[in-house]
Amino acid sequence: MTWMKLCQNLLDLTKNPLYADQIEKTTYNALLAALKEDAGQIAKYSPLEGVRSAGEHQCGMHVNCCNSNGPRAFAMIPTAAVLSSNDSLFVNLYGPSTTKASLGKNEISLEQTTAYPEDGDIEIAVNAPRNLEFAVAVRIPAWSKVSRVAVNGESIGDVRPGTYVTVRRRWEPGDKISVNLDMRGRLVELNGYQAIERGPIVLARDSRFDDGFVDEASVIQANADGYVELMPVTEADKPEKMWMVYTAPLVLGTDLEGDFYKPRQIRFCDFASAGNTWDRRIRYRVWLKKTYNVILAPQQ
């Protein structure tokens, strides 16, 4: 909550969309992961591997401050979604919503139709008094390397990651902005470990999938550009109380020769869903130890 508030203040002062990226990533991962699946408690800390811990009795208190501050973070989300400045509206957060904002004496309504972040297609209906001229700036996240923006079906050029695309015009009833974001899975590697992100969502293995030891070393298969082919899992094949589930190709274990060196489709869920029952028998993991390939290692 404190990080989100700081980013919101900086976003309001600077109109730098990278702060909105941080608010979004924190919301979908750290904040939602801190919430128990029945919304009964909010924990102070959600580690990137292991088990979830109950919010009560953390910090040695029966009722801790996280159960109070967590709702403040949720209440902050709509206030950061759309900001206004002079004759411009800044669309920072995407999701099915209707936002009303004032520009001078005029009230503007922005209605978003989307399944984001499950997919990257967003349609924004701009409802304003006839022939009113103003600007609508839509955020292109830094992670979205291939993005498209159109107004009433006409493409807008110069769409770059980590910026706003600003559309200034006289708006008419029925005008719509379409945004398409790059939702390909991205491989992240650091210090011999690997993780997968998709859009603003961090993915994790979860022992409820029963498709191998979550702490086992592995090699996530990605193309030369670092993108991982993710396949969505149907609702019928998801464990209960999970939001997003995908399979990704992994080579499991340390035997990298023969039949063992064949990728298997391993299931991942969004970080917020991982271990969300708070059952201590359920283990999850974001950072996966990368198998060290001795055959390809440089000789000393």
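Above this text you will find the structure in question.
My aim in this report is to walk through the structure given alongside it, one point at a time.

Our focus in this paragraph is the overall build of the protein. Each helix and strand counted, the protein has 3 helices and 21 strands in total. Dimensions of the protein, computed from the C-alpha atoms along their principal axes, are close to 65 × 50 × 45 Å. In the protein, buried positions account for 50% of the 300 residues. A total accessible area of about 15200 Å² is found for the protein, and carbon and sulfur atoms account for 52% of it. Charge separation in the protein, taken as the distance between the mean sites of 34 positive and 37 negative side-chain charges, equals 5 Å.

Residues Tyr94, Ile108, Phe134, Val138, Ile177, Val179 and Leu181 are the most contacted members of the largest nonpolar core, which totals 58 residues. With 6 residues, the single largest contributor to this core is strand E7 (residues 132–140). Excluding anything up to four places from it in sequence, Phe134 contacts Asp87, Leu89, Leu103, Ile108, Val126, Ala128, Val167, Arg168, Arg169 and Trp171. Of all hydrophobic cores here, the second largest spans 13 residues; its members include Val233, Val245, Phe271 and Val286.

Below, the discussion takes up the sheet that holds strand E6 (residues 121–127). On the basis of which strands lie adjacent, the open sheet formed by 6 strands has the order E4-E5-E6-E11-E8-E9 and antiparallel pairing. If you trace the sheet from one side to the other, it starts and ends with strand E4 (97–103) and strand E9 (154–155), each paired once. Across 5 bridges, E6 lies against strand E11 (residues 176–180) in antiparallel orientation. Looking across to E11, one finds that Ile122 is bridged to Val179.

This part is about helix H2 (residues 17–34). Here H2 spans 25 Å end to end across 18 residues, near enough to the 26 Å set by a 1.5 Å rise per residue. The largest bend along H2 reaches roughly 40° and is located at Thr27. Of all the residues in H2, the buried ones are Pro17, Ala20, Asp21, Ile23, Glu24, Thr26, Thr27, Tyr28, Asn29, Leu31, Ala33 and Ala34. As for H2, its buried residues are in contact with helix H1 (2–14), helix H3 (66–81), E7, strand E10 (163–171) and strand E14 (201–206). With a side-chain oxygen positioned 3.0 Å from the backbone nitrogen of Leu18, the residue opening H2 is Asn16.

Across 6 bridges, strand E12 (residues 185–190) lies against strand E13 (residues 193–198) in antiparallel orientation. Within E13, the position partnered with Leu187 by the bridge is Ile196. Between the end of E12 and the start of E13, which pair antiparallel, lie 2 residues, with Asn191 showing a positive phi angle near 55°. Bridging between E12 and strand E16 (residues 227–228) involves 2 bridges; their strand directions are antiparallel. Across the sheet, residue Gly185 finds its bridge partner in E16, namely Val228.

A few words now on the packing of aromatic side chains. Enumeration according to the criterion identifies 5 aromatic pairs in this entry. When the centroid spacing of 5.2 Å and the interplanar angle of 70° are considered together, the rings of Phe90 and Tyr164 count as edge-to-face. Of this pair, Phe90 sits in strand E3 (residues 88–91) while Tyr164 sits in strand E10, placing them 74 residues apart in sequence. Accessibility assignment for this pair places Phe90 and Tyr164 in one class, buried. The ring of Phe90 has Lys15 lying over it, and the distance from NZ or CZ to the ring centre is 5.8 Å. If you follow Arg184 out to its NZ or CZ, it ends over the ring of Tyr227, 3.6 Å from the centre.

This next bit is on H3. Between the first and last C-alpha of H3 there are 23 Å, a value that for 16 residues agrees with the 22 Å anticipated at 1.5 Å per step. Looking only at H3, the buried set comprises Cys66, Gly70, Ala73, Met76, Ala80 and Ala81. If you follow the buried residues of H3, they end up packed against H1, H2, strand E2 (82–85) and E3.

Before going further, it helps to spend a moment on the packing of H1 against H2. Interaxial distance between H1 and H2 falls to 8 Å at its minimum, and their mutual angle equals 160°. Taken as axis vectors, H1 and H2 run roughly antiparallel relative to one another. Classified by chirality, the crossing of H2 by H1 is left-handed. Between H1 and H2, the residues in contact are Trp3, Met4, Cys7, Gln8, Leu10, Leu11 and Thr14 and Pro17, Tyr19, Ala20, Gln22, Ile23, Thr26, Thr27 and Leu31, respectively.

The rules behind the values
Residues numbered from 1 in each chain as written. Predicted model: local features only at pLDDT ≥ 70, side-chain atom pairs only at ≥ 80, totals over all residues. Heavy atoms only, no water. Helix = DSSP H or I, 4+ residues; strand = E, 2+ residues; numbered from the N terminus. Buried < 20%, exposed > 50% of the residue type's maximum accessible area, 1.4 Å probe, protein only. Areas by Shrake-Rupley, 256 points an atom, 1.4 Å probe, with all protein chains shown as cover. Lys, Arg positive; Asp, Glu negative; His and termini not counted. Charge placed at Lys NZ, Arg CZ, Asp CG, Glu CD. Core = buried A, V, L, I, M, F, W, Y, C linked by side-chain atoms within 4.5 Å. Contact = heavy atoms within 4.5 Å. Pairing = 2+ DSSP bridges. Expected span 1.5 Å × (residues − 1). Bend = angle between axes of the 7 residues up to and from the residue. Polar contact = N/O pair within 3.5 Å; in protein donor to acceptor, adjacent residues only side chain to side chain. Phe/Tyr/Trp six-rings, centres within 6.5 Å; stacked < 30°, edge-to-face > 60°. Lys NZ or Arg CZ within 6 Å of the ring centre and 35° of its normal. Axes fitted to C-alpha atoms, helices over the stretch in contact; angles between N-to-C directions. Parallel < 35°, antiparallel > 145°, perpendicular 65-115°, else oblique. Left-handed = near helix turned anticlockwise from the far one by under 90°.

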